[in-house]
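# Reading the structure
Now for the letters of each chain:
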Amino acid sequence: MSTDYQRAREELGRKLRELRVESPDGRLTGTELGQRLGWPQSKVSKLENGRQTPTDDDLRAWTDAVGQPAALGELRARLKGFESHVRSWRRQLAAGHRPVQETWNALVAESRVLHMWENNAVSGMLQTAEYTRCIFDSYTDLRSSPRDTEEAVRARMKRQDWLYRPGKRLNLLMWEGALWARVCPAEVLVAQLDRLTGVVGMDTVRLGILPMDAALRIPPGNPFSVLDERLVVVEDWHAELWLDDAETITHYRRVWDTLAESAVFGADAQQVIARVRRGIKV
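The following paragraphs examine the structure supplied in this document. (Residues numbered from 1 in each chain as written. Predicted model: local features only at pLDDT ≥ 70, side-chain atom pairs only at ≥ 80, totals over all residues. Heavy atoms only, no water.)

### Focus on the overall build of the protein chain
Each helix and strand in the protein chain was counted, giving 13 helices and 8 strands. Along the first, second and third principal axes, the C-alpha set of the protein chain runs to 75 × 40 × 35 Å. A gap of 2 Å separates the mean positions of the 41 positive and 40 negative side-chain charges of the protein chain. (Helix = DSSP H or I, 4+ residues; strand = E, 2+ residues; numbered from the N terminus. Lys, Arg positive; Asp, Glu negative; His and termini not counted. Charge placed at Lys NZ, Arg CZ, Asp CG, Glu CD.)

Laid out in C-alpha cells, this is it:
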C-alpha cells in the first residue's frame, strides 16, 4: 500500500543513499557505512529503502559518517515533514469515500490489536450499514465530494470481517455522547445501539463507554486509532494525521489508558447503552 507518508519516507531514503554514494572520501558501500556507525547492514538498507523511519540521532550519525554534516538541516526538515504527516480530506476524498475506506481496510488487515477512541459517533468498526450510509451522506454534503455512498458502505462493512478472525483484538472506547448523537433517523440509531449491545460479549472486542457523568482525568479530545505499536491516526475536520514515531505512539496509548480509567465495560456498558436506547423516541 503506497501512501503519501510512505512516499515521503522513500524520498528521504533516496537522499540518504545519495549522501552515502557521494561521500567526500569515496563511494561507501552500505556494509562499510554500517561498520562505521556500528549498525547492522540491514538497518542501512531499511533506511535507504524507506522501510524504517530514522530518528534525529540516526540522521546526525549518518551525515557525520559520510562526511556531509551540512546536509543535516535538510534531512531534519524532511523528517519533520512526515513525522506529523497531514492527509487532507480534500485530497483524500477527491475520488469519493470508497478509496479512503479501502485504505483503512488495508491498514486494519495488517493489524493485530487496535486501540480506538470515538467521541462524536459510533466507531466504523461497529456501525450498521444504515448508520454508515447516513454518516457518508452527511460528509459528502459537507465536503462536496463525489457521491459514492453505496460503494463506501460496502467497503466499510467488509472491514468488520476482521472482528471475526482469530487473534484479533479491538479495544474501543466511546463517549456516551456519541451514542446520543442524532446523525441518523431515530429508528436507525436504535438499531445501531442494539448492534453495540450485541458485541459486548464478543471475545475479540473490548468495548468501554465513558458515561456522561463520569469523572474524567483528561478532557475527551479528538478521535484516534492506534494500530498495534506502529501507527497512530488522529482525525480532525480538515485532515487525518498519520504518526509513527515511537514517542507519539506511546503518548496516545497513555491517553487511551487514561480515558479507559473513566469507562465502564461489560454489563455496565450494556446498561449505559440501554439507558440511551430508552431515551430515544422512535
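The discussion continues.
### A look at helix 12 (residues 246-260)
Here helix 12 spans 21 Å end to end across 15 residues, near enough to the 21 Å set by a 1.5 Å rise per residue. All of the buried residues in helix 12 are T248, I249, Y252, V255, W256, T258, L259 and A260. (Expected span 1.5 Å × (residues − 1). Buried < 20%, exposed > 50% of the residue type's maximum accessible area, 1.4 Å probe, protein only.)

### What about the sheet that holds strand 5 (residues 224-227)?
Spatially, 8 strands are ordered 1-7-6-5-2-3-4-8 in an open sheet, and the strand pairing comes out mixed. For this open sheet the edge positions go to strand 1 (85-88) and strand 8 (264-265), each flanked by a neighbour on one side alone. Pairing of strand 6 (residues 231-235) with strand 7 (residues 239-243) involves 4 bridges; the strand directions are antiparallel. For V233, the partnering residue across the bridge sits in strand 7 and is W242. With respect to the sheet, helix 7 (residues 97-109) is in contact with strand 1, strand 2 (113-118), strand 5, strand 6 and strand 7, its orientation differing from that of strand 5 by roughly 40°. (Pairing = 2+ DSSP bridges. Contact = heavy atoms within 4.5 Å. Axes fitted to C-alpha atoms, helices over the stretch in contact; angles between N-to-C directions.)

### Focus: the packing of helix 7 against helix 9 (residues 149-159)
For the pair helix 7 and helix 9, the least separation of the axes is 8 Å and the interaxial angle reads 10°. Here helix 7 is positioned roughly parallel relative to helix 9, judged by the angle of their axes. Listed contacts from helix 9 to H97, R98, Q101, E102, W104, N105 and V108 of helix 7 are E151, A152, A155, R156, K158 and R159. Classifying every residue of the contact of helix 7 with helix 9 gives 4 nonpolar, 3 polar and 6 charged. (Parallel < 35°, antiparallel > 145°, perpendicular 65-115°, else oblique. Nonpolar A, V, L, I, M, F, W, Y, C, P; charged D, E, K, R; others polar.)

### Some details on the side chain of D245
Summarising the element assignment, D245 is placed in the loop between strand 7 and helix 12. Of the polar contacts made by the side chain of D245, one reaches the side chain of T248; its length is 2.8 Å. (Polar contact = N/O pair within 3.5 Å; in protein donor to acceptor, adjacent residues only side chain to side chain.)

### Here we look at the pattern of salt bridges
Counted according to the given criterion, the structure contains 18 salt bridges. Here R275 makes a salt bridge to E176, at a shortest N to O gap of 2.9 Å. Of this pair, R275 sits in helix 13 (residues 266-279) while E176 is found in helix 10 (residues 176-180), placing the two residues 99 residues apart along the sequence. Here E176 falls in the buried class, since its relative accessible area comes to 3%. Across the salt bridge formed by R253 and E229, the nearest N and O atoms sit 3.3 Å from each other. Of this pair, R253 sits in helix 12 while E229 sits in the loop between strand 5 and strand 6, and the two are 24 residues apart along the sequence. Given the relative accessible area of 54%, E229 is considered exposed. One connected set of salt bridges, linked through shared partners, spans K15, E74 and R78. (Salt bridge = Lys/Arg side-chain N within 4 Å of Asp/Glu carboxyl O.)

### Section: the nonpolar core
Ranked by internal contacts, the top residues of the largest apolar core, which has 42 residues, are L170, L179 and L207. Taken together, the elements giving at least two residues each to this core come down to helix 7, strand 2, helix 8 (129-143), strand 3 (169-175), helix 11 (186-199), strand 4 (205-210), strand 6 and helix 13. Counting residues per element, this core draws most heavily on helix 11, which supplies 7 residues. For L207, the contacting residues outside a window of four places in its chain are L172, M174, L196, V199, V200, V264, F265, G266, A269 and I273. Formed by 17 residues, the second largest nonpolar core is a distinct cluster that contains L12, L16, W62 and L79. (Core = buried A, V, L, I, M, F, W, Y, C linked by side-chain atoms within 4.5 Å.)

### Structural notes on helix 7
Between its first and last C-alpha atoms helix 7 spans 18 Å; for 13 residues at 1.5 Å apiece the expected length is 18 Å, and the two agree. For helix 7, the set of buried residues is H97, V100, Q101, W104, N105, L107 and V108. In an axial view of helix 7, the angular spread of the buried residues amounts to 165°, which keeps them on one side of the axis. (Arc of directions from axis to C-beta.)

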